[in-house]
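Architecture at a glance
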Amino acid sequence: MDKKQERKIWIASLVGSSIEWFDYFLYATVAGLVFNQVFFVADDPTVGLLLSYASLALAFFIRPFGGIIFSHIGDKIGRKKTLIITLSLMGGATFLMGLLPTYQAIGVAAPILLVTLRLIQGLGIGGEWGGALLLAYEYAPPEKRGLYGSIPQMGVTIGMFLGTGALTFITSVVSQEAFVSWGWRVPFILSAVLVLFGFWIRKGIDETPDFKAMQESGDVVNIPLVETIKTHWREVLIAIGAKFVETAPFYIFGTFVISYAPKYLGFTYTETLIAVMIATVITTILIPIMGSLSDKVGRKKMYIYGTLAMFLYAFPYFWILHQGTFIALLISTIIGLGIIWAPITAVLGTMFSEIFDAKIRYTGITLGYQIGAAVAGGTAPLVATALLVKFNDSWVPIALYIMLTAVISLISVIAIRSLNKEQVTEIEIIEEW
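Not measured: the values here are computed from a predicted model.

About the thresholds
- Residues numbered from 1 in each chain as written.
- Predicted model: local features only at pLDDT ≥ 70, side-chain atom pairs only at ≥ 80, totals over all residues.
- Heavy atoms only, no water.
- 1 Å grid on protein atoms, 1.4 Å probe; cavity = no way out; pocket = protein on both sides within 12 Å on 5 of 7 lines; lining within 4 Å.
- Points joined across faces, edges and corners; volume = space filled by probe spheres on them.
- Nonpolar A, V, L, I, M, F, W, Y, C, P; charged D, E, K, R; others polar.
- Core = buried A, V, L, I, M, F, W, Y, C linked by side-chain atoms within 4.5 Å.
- Buried < 20%, exposed > 50% of the residue type's maximum accessible area, 1.4 Å probe, protein only.
- Helix = DSSP H or I, 4+ residues; strand = E, 2+ residues; numbered from the N terminus.
- Contact = heavy atoms within 4.5 Å.
- Salt bridge = Lys/Arg side-chain N within 4 Å of Asp/Glu carboxyl O.
- Polar contact = N/O pair within 3.5 Å; in protein donor to acceptor, adjacent residues only side chain to side chain.
- Expected span 1.5 Å × (residues − 1).
- Bend = angle between axes of the 7 residues up to and from the residue.
- Patch = residues over 30% accessible without salt bridge, like charges linked within 9 Å, V, L, I, M, F, W, Y side chains within 5 Å.
- Areas by Shrake-Rupley, 256 points an atom, 1.4 Å probe, with all protein chains shown as cover.

In this structure, the second largest pocket spans a volume of roughly 160 Å³. What lines the second largest pocket is G32, L33, N36, Q37, P45, T46, L49, S259, P262, K263 and Y269. Looking at the lining of the second largest pocket, its residues break down into five nonpolar, five polar and one charged.

Structure representation (structure tokens):
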């Protein structure tokens, strides 16, 4: 594959993933800032915030269903087709959110409509990640799969950077009242431009070599979900557990903090958003570096190092944050989200891909990723907020929660060794290389 085609594949997998996560993180961020005031209105502001985060978590539980639907299409009909459908669902739902009337205008119908669109978002993102990852991974030379597999992961932080950047700009130029009234809608509506760009980029991409080979050999599975559960159930469980430490701390460092820091530590929303945005720039730079490094030292080693660092950082994160200065906020966020999280997310997709056969790879990685995200990701801000309420605003239980996710993920990845030799041959070859 020449350099021009290589760049085209990278851009196609990265752009779509970035757009999807831009849309998704807009909701995640605004849920903590605005939705408890304009959609989930309650006498107690904390109740409204909990309802906002519950709507965030709800979409994570629909993601596995979206994953099942679109991974079936991806393993049976093709990777490329799923990427167009998921982009349409995600982009359309996000655009319509920007046009929704508020609770004050139409009452209880407003949160119902918002949750409906949120569920559509969840269906779209449920299938998008697997397609974007396999587009890169299945085009990659064996010696560069770590690098290629890390490219779509950059879309997560790029999307977050674009989302938080847009909100940071708006909150810095309009008053808080104007932002709550109409300012939050602007990036939702403008996301339509990004979606059109994503369609244009993906239009010229061909189907992946691995899927073409499956079609030519007649190795396409009739019902990928049944085959996956029957023959690769252990790998699915491993992937679910491995996802915990990648997703829960991410939403603590990148979403929960946006409401926590202003409410409990006196920071402004703009300061908090800037800290998150700077951290996402750093991790975006580090992800491909870590992915490339994993081609030399091995996926599991990179992942385990990152997970151990996350375990050890849980308490220092809150201690640094509670120093109360902007520098402390910046340092704590950069270390957690910008540095420690990078090697974990960089190798996650490639590590998943290498333990599943090509014929059910889309289904396998999607089940593991989306179920893990549903259990530990979307619930993280909700769990963290509930722990604050339960334990008199103490951050200690949240730190212990982060440590628990690290332990679960370590046990899961170590379990890869128990798989039979045929299932891990590819991992061993690459790690030895």
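With that settled, consider the nonpolar core. Counting 119 residues, the largest nonpolar core has V34, F35, F39, I252, Y303 and F318 as its most contacted members. At 18 residues, the largest contribution of residues to this core is made by helix α12 (residues 233-265). Sequence-distant contacts of F35, defined by excluding residues within four places in its chain, comprise Y27, V30, F40, S52, L114, W184 and F188. Counting residues in hydrophobic clusters, the runner-up holds 11 residues, among them I9, A12, L87 and I205.

Okay, the side chain of Q153 next. For Q153, the position within the fold is in helix α7 (residues 145-173). Judged by relative accessible area, Q153 falls into the buried class, the value being 0%. In this structure, Q153 is in contact with W129, E246, I287, T345 and L348, ignoring residues within four places of it in sequence.

As a further point, take the pattern of salt bridges. Within the structure shown, the criterion is met by five salt bridges. Here R361 and D210 are joined by a salt bridge, their closest N and O atoms 3.1 Å apart. On the criterion of sequence distance, the pair formed by R361 in helix α16 (residues 361-377) and D210 in helix α10 (residues 209-217) is long-range, its members being 151 residues apart. The class for R361 is buried, based on a relative accessible area of 5%.

What follows is about the side chain of D75. Mapped onto the elements of the fold, D75 is located in helix α3 (residues 45-76). A residue is classified by how much of its surface remains accessible, and D75, at 0% relative accessible area, is buried. A polar contact of 2.7 Å, which involves the side chain of D75, links it to the side chain of T363.

By the secondary structure assignment, Y303 is in helix α14 (residues 299-321). Expressed as a C-alpha distance, the spacing of Y303 and V245, which sit 58 residues apart in the sequence, is 9.9 Å. Setting aside chain neighbours within four positions, we find Y303 in contact with A242, K243, V245, I344, V347, L348, M351, S409 and V413. Within polar-contact distance, the side chain of Y303 engages the side chain of S409 at 3.4 Å.

Let us now look at α3. Taking 1.5 Å per residue, 32 residues should reach 46 Å; α3 reaches 47 Å between its end C-alpha atoms and fits that length. A maximum bend of about 30° is found in α3 at I62, where proline P64 lies one to four positions downstream. With its phi angle positive at about 150°, G78 sits one or two positions after the end of α3.

Right, let's get into a nonpolar patch on the surface. A grouping of F161, L162, V281, I285 and I289 is seen on the molecular surface, where their side chains present a nonpolar patch of about 400 Å² in accessible area. Put simply, the parts of the chain that give the nonpolar patch at least two residues each are α7 and α13 (269-297). Along the polypeptide, L162 turns up in helix α7. Residue L162 is classed as partly exposed on the basis of its relative accessible area of 35%.

A few words on helix α9 (residues 185-203). Think of an α-helix as 3.6 residues a turn; residues three or four steps apart then line up on the same face. The end-to-end C-alpha distance of α9 is 29 Å, a good match for the 27 Å that 19 residues give at a rise of 1.5 Å each. For α9, the principal kink sits at A192 and spans about 25°. Regarding α9, the residues found buried are R185, P187, F188, S191, V195, G198, I201 and R202. Residues of α9 that are buried make contact with α1 (3-33), α2 (35-38), α4 (79-97), α6 (109-137), α7 and α8 (176-183).

Taken by themselves, the reported measurements are silent on function.
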